[in-house]
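A look at the structure
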Amino acid sequence: MTEHEPQAVQARYARRDAATDAARYSLYANAAALQAQQERLRAMARIWRAHGWTSLARRPMVEVGCGRGGNLHDLVRLGATPACLTGLELLPERAAAARATLPAAVALVEGDAALAPVPPASQDAVLAFTLFSSLLDGDYRRHMAQQLWHWVAPGGGVLVYDFVVNNPANPDVRGVPLRELGQLFPGAQIHSCRLTLAPPVARRLPTPWIAPASALLWPLRTHRLSWAVKPR
């Protein structure tokens, strides 16, 4: 395993243009980003309701690579209890941005997630959104997956949202096809759906066309939302 992968991730993020990222992922200014977020939230709620969860209240959940806290905000809006949520973030500036906006009861831990003090079998859900595609070292990917699986309580799961194909314009990410996800979480029962119209396509469409195009152009969906459930 390459122990320097966290430092490599930091270097890859440092090469990114912060202003471009802010515009690309702004839910206010970017209709394609807003559509992707709303589609993902509906799919999350649908997966967890099908799993038998009538509520997210009082369910312990941790997000690995929580960034500026957007997904944790979404969990609170879906009914999760802030004091039961934890965000893990490698990059100090993103962790600081999350702390500035999230409810005070949400726990935030800065640093390498693989070293985070999360007790084994303590979480009903572990979120990994565009996490594995950012880990280019295969051994470290598998190590991280094992760590996440260690934290999940029996009957809970890991919720993965990630690219399923490589992005030829971005060598700093690598797709995570469904077959590899099964290898990362052997023994898991995986429920998965394709989401998110290819962002370069969605950003070029007039706002009223984005949702219909996402529904119709299934082959152009570039991400999967997958719920990997640990047996009881």
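Quick caveat: nothing in here was measured; it's all calculated off a predicted structure. (Residues numbered from 1 in each chain as written. Predicted model: local features only at pLDDT ≥ 70, side-chain atom pairs only at ≥ 80, totals over all residues. Heavy atoms only, no water.)

Some thoughts on the packing of helix H3 (residues 31-50) against helix H9 (residues 207-216)
Rules: Note on definitions: angles span 0 to 180 degrees between N-to-C directions of axes, and those axes are lines fitted to C-alpha atoms, for helices only across the stretch in contact. Helix numbers and strand numbers start at the N terminus; a helix is a DSSP run of H or I with at least 4 residues, a strand a run of E with at least 2. Should an angle lie under 35 degrees it is considered roughly parallel, over 145 roughly antiparallel, and from 65 to 115 roughly perpendicular; all remaining angles are considered oblique. For any pair of crossing helices, the crossing counts as left-handed if the nearer helix is rotated counterclockwise from the farther one by less than a right angle, and right-handed if it is rotated clockwise. A contact between two residues is defined here by any heavy atoms of the two lying within 4.5 Å. Residues were grouped as follows: Ala, Val, Leu, Ile, Met, Phe, Trp, Tyr, Cys and Pro as nonpolar; Asp, Glu, Lys and Arg as charged; and all remaining residues, including Gly, as polar.
Where H3 meets H9, the axes come as close as 10 Å, and the angle between the chain directions of the two elements is 40°. By the angle between their directions, the pair H3 and H9 is classed as oblique. Viewed along their axes, H3 and H9 form a crossing whose handedness is right-handed. Residue-level contacts link Ala31, Ala32, Gln35 and Glu39 of H3 to Thr207, Ile210, Ala211 and Ser214 of H9. Here the residues of the contact of H3 with H9 are counted per class, giving four nonpolar, three polar and one charged.

Regarding helix H4 (residues 70-77)
Where we set the bar: We call a residue buried when its accessible area falls under 20% of the maximum for its residue type, exposed when it is over 50%, and partly exposed in between, using a 1.4 Å probe and counting protein chains only. What the arc covers is the set of directions going from the helix axis to the C-beta atoms.
Those residues of H4 that sit buried are Asn71, Leu72, Asp74 and Leu75. Burial along H4 is one-sided: seen end-on, the buried residues are contained in an arc of 155°. Close packing links the buried residues of H4 with H3, strand S1 (61-64), strand S2 (85-89), strand S3 (107-110) and strand S4 (123-129). The positive-phi residue at the C-terminal boundary of H4 is Gly79, with phi of around 110°.

Concerning the sheet that holds S2
The pairing of strands in a sheet comes from backbone hydrogen bonds and takes either a parallel or an antiparallel form. The following threshold applies: A pair of strands counts as paired when DSSP detects no fewer than two bridges linking them.
Taken together, the seven strands give an open sheet; going across it, the order is S3-S2-S1-S4-S5-S7-S6, and neighbouring strands pair in mixed fashion. Where the open sheet ends on each side, the last strands, each with one partner, are S3 and strand S6 (189-197). Across the sheet, the axes of successive neighbouring strands diverge by a mean angle of 15°, strand direction being ignored. Note that S4 and strand S5 (residues 152-163) share six bridges and pair parallel. Within S5, the position partnered with Ala125 by the bridge is Gly157. Across the sheet, H4 is in contact with S1, S2, S3 and S4; its angle to S2 comes to roughly 170°. Across the face of the sheet, helix H6 (residues 138-151) comes into contact with S1, S2, S4, S5 and strand S7 (221-229) while running at roughly 140° to S5.

A short note on the packing of H3 against H4
Across the interface, H3 lies against H4 with an axial gap of 12 Å and an inter-helix angle of 55°. Of the possible angle classes, the one that applies to H3 and H4 is oblique. The handedness of the crossing between H3 and H4 is right-handed. Along the contact surface, H3 presents Gln37, Arg40, Leu41, Met44 and Trp48, while H4 presents Asn71, Asp74, Leu75 and Arg77. In the contact of H3 with H4, the residues fall into four nonpolar, two polar and three charged.

Description of the packing of aromatic side chains
Spelled out, the test is: Side-chain rings of Phe, Tyr and Trp (the six-membered ring for Trp) are treated as a pair once their centres are within 6.5 Å; stacked means planes under 30 degrees apart, edge-to-face means over 60, and tilted covers the remaining angles.
One pass over the structure, following the stated rule, counts six aromatic pairs. Measuring from ring centre to ring centre gives 5.6 Å for Trp53 and Trp227, while their planes differ by 75°; the resulting arrangement is edge-to-face. Of this pair, Trp53 sits in the loop between H3 and S1 while Trp227 sits in strand S7, and the two are 174 residues apart along the sequence. Trp53 gets classed as buried once you look at its relative accessible area, which sits at 8%. On the basis of relative accessible area, Trp227 is assigned to the buried category, the value being 0%. Judged by centre distance (5.7 Å) and plane angle (55°), the ring pair of Phe129 and Tyr161 falls under tilted.

Let's talk about unusual backbone geometry
At Thr130, a residue that is not glycine, the phi angle is positive and equals roughly 50°. Overall, Thr130 belongs to the partly exposed group, its relative accessible area being 30%. Its identity as a non-glycine residue notwithstanding, Thr196 has a phi of 70°, on the positive side. Residue placement: Thr196 occurs in strand S6.

Remarks on the nonpolar core
The following threshold applies: Residues grouped as a nonpolar core are buried Ala, Val, Leu, Ile, Met, Phe, Trp, Tyr and Cys residues, joined through side-chain atoms within 4.5 Å.
In terms of nonpolar packing, the biggest core is built from 30 residues, with Val64, Phe132, Met144, Leu148, Trp151 and Phe185 touching the most fellow members. Mapped by element, the contributors of at least two residues to this core are S1, S4, H6, S5 and helix H7 (178-184). For this core, the leading source of residues is H6, giving six residues. Here Trp151 is in contact with Val62, Val64, Leu88, Ala113, Ala116, Val118, Pro119, Pro120, Ala121, Ser122, Gln123 and Val126, once residues within four sequence places are set aside. Core analysis: the second largest hydrophobic core is formed by 26 residues, Leu41, Met44, Leu102 and Phe129 among them.

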